[in-house]
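A closer look at the structure
Here is how the chains run, residue by residue.
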Amino acid sequence: MPTEPYVLVVAGALGAMVGSFLNVCILRLPADQSILHPPSHCPRCRAPVSWHDNIPIVSWIVLRGKCRKCREPISLQYPLVEAVTAAMWLAAAWHYGLTLTALTGAAFGTLLLGIAVTDARHYMIPDEYTWGGLGVGLLLALRGGVQGLIAAVVGAAVGFVSLYVVAWAGEKAFGREAMGGGDIKMMTMVGAFVGWKGVLITIFGGALLGTLVFVPLTIKRKRLVPFGVFLAAAAALTFVFGEQILSWYLGFVRGP
Ligand SMILES: [Zn+2]
């Protein structure tokens, strides 16, 4: 049954508002600042942002990307994060209808976007996304009853152990910390959303994406590209296409 158009509009608008809040988290969590106080203000002139200048995506376009008071440029990152979050919430409603699975997908995508942007900019993954996201994932897993919850707990455990082993092996092989604790906590959260098979697909996919993008970028720019970004992309793909990837792989292994 196709999703009603008004549901898509509401989902997109809700996503844009969540994206607006995600911007606050992206800005303040790495600096250990409160995400509630003080209210939004211009980082240069400290002028508070009024509600009509704080409408997701729209305000940035109306203000042409500049503070109303001091004309300091406002980063393009703000409307981009809002647009991507809105698109994910809309896509989840479109794909899964008005269901808890849609809410789960939208919440998971939002967490992964927050992780990817923060890890790319600050080389760290705040606990609010990982341990906080783990709580959200376990709660939403209850949509599948006790079995759903058990699958999520097993997924989280496998996520923790696998990345712990990968990090340990990496440290042995390279003689230095190849992966931070944030990646381990992140995969614990991811496991709660995608289950233990999804964890393995995510790690494999993240390593594949990382090798294809990471190695050339690192050599070219001589700077580290954080692994959490690739794990986030792979985790999102796994949530949507995990079953297809798995059956394709098993068919490939077993042969015709
Ligand atoms: Zn200003």
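Calculation notes
- Residues numbered from 1 in each chain as written.
- Predicted model: local features only at pLDDT ≥ 70, side-chain atom pairs only at ≥ 80, totals over all residues.
- Helix = DSSP H or I, 4+ residues; strand = E, 2+ residues; numbered from the N terminus.
- Buried ≥ 20, exposed ≤ 12 C-beta atoms within 10 Å, placed from the backbone.
- Contact = placed C-beta atoms within 7 Å.
- Axes fitted to C-alpha atoms, helices over the stretch in contact; angles between N-to-C directions.
- Parallel < 35°, antiparallel > 145°, perpendicular 65-115°, else oblique.
- Nonpolar A, V, L, I, M, F, W, Y, C, P; charged D, E, K, R; others polar.
- Expected span 1.5 Å × (residues − 1).
- Domains from an automatic or database assignment.

**With respect to the overall build of the chain**
When helices and strands are tallied, the chain shows eight helices and zero strands. Along the first, second and third principal axes, the C-alpha set of the chain runs to 65 × 50 × 35 Å. Expressed as a percentage of its 256 residues, the buried residues of the chain come to 36%. In the chain, once contacts between residues fewer than 6 apart in sequence are set aside, the share between residues at least 24 apart is 69%.

**Observations concerning the packing of helix 4 (residues 100-122) against helix 5 (residues 127-141)**
Where helix 4 meets helix 5, the closest approach of the two axes is 11 Å, and the angle between their N-to-C directions is 170°. If you check the angle between helix 4 and helix 5, you find them roughly antiparallel. Within the contact between the two elements, helix 4 uses L100, L103, T104, A107, L111, G114 and I115 and helix 5 uses Y129, G133, V136 and L140. Grouping the constituent residues of the contact of helix 4 with helix 5 by class yields eight nonpolar, three polar and no charged.

**Looking at helix 4**
In this model, helix 4 (23 residues) spans 32 Å end to end at C-alpha, consistent with the 33 Å of a helix rising 1.5 Å per residue. A large share of helix 4 lies buried, amounting to 17 of its 23 residues. With its phi angle positive at about 55°, Y123 sits one or two positions after the end of helix 4.

**A short note on the domain arrangement of the chain**
We note that the domain assignment places domain 1 (1-98) and domain 2 (99-256) within the chain. Computed from C-alpha coordinates alone, the two centres of domain 1 and domain 2 are separated by 25 Å. Going through the elements one at a time, helix 1 (5-28) and helix 3 (77-96) are the ones with two or more residues in the side of domain 1 that touches domain 2. When residues of the side of domain 1 that touches domain 2 are assigned to their parent elements, the largest contribution, eight residues, is made by helix 3. Each residue belonging to the side of domain 1 that touches domain 2 can be placed in one class, and the counts come to 14 nonpolar, three polar and no charged.

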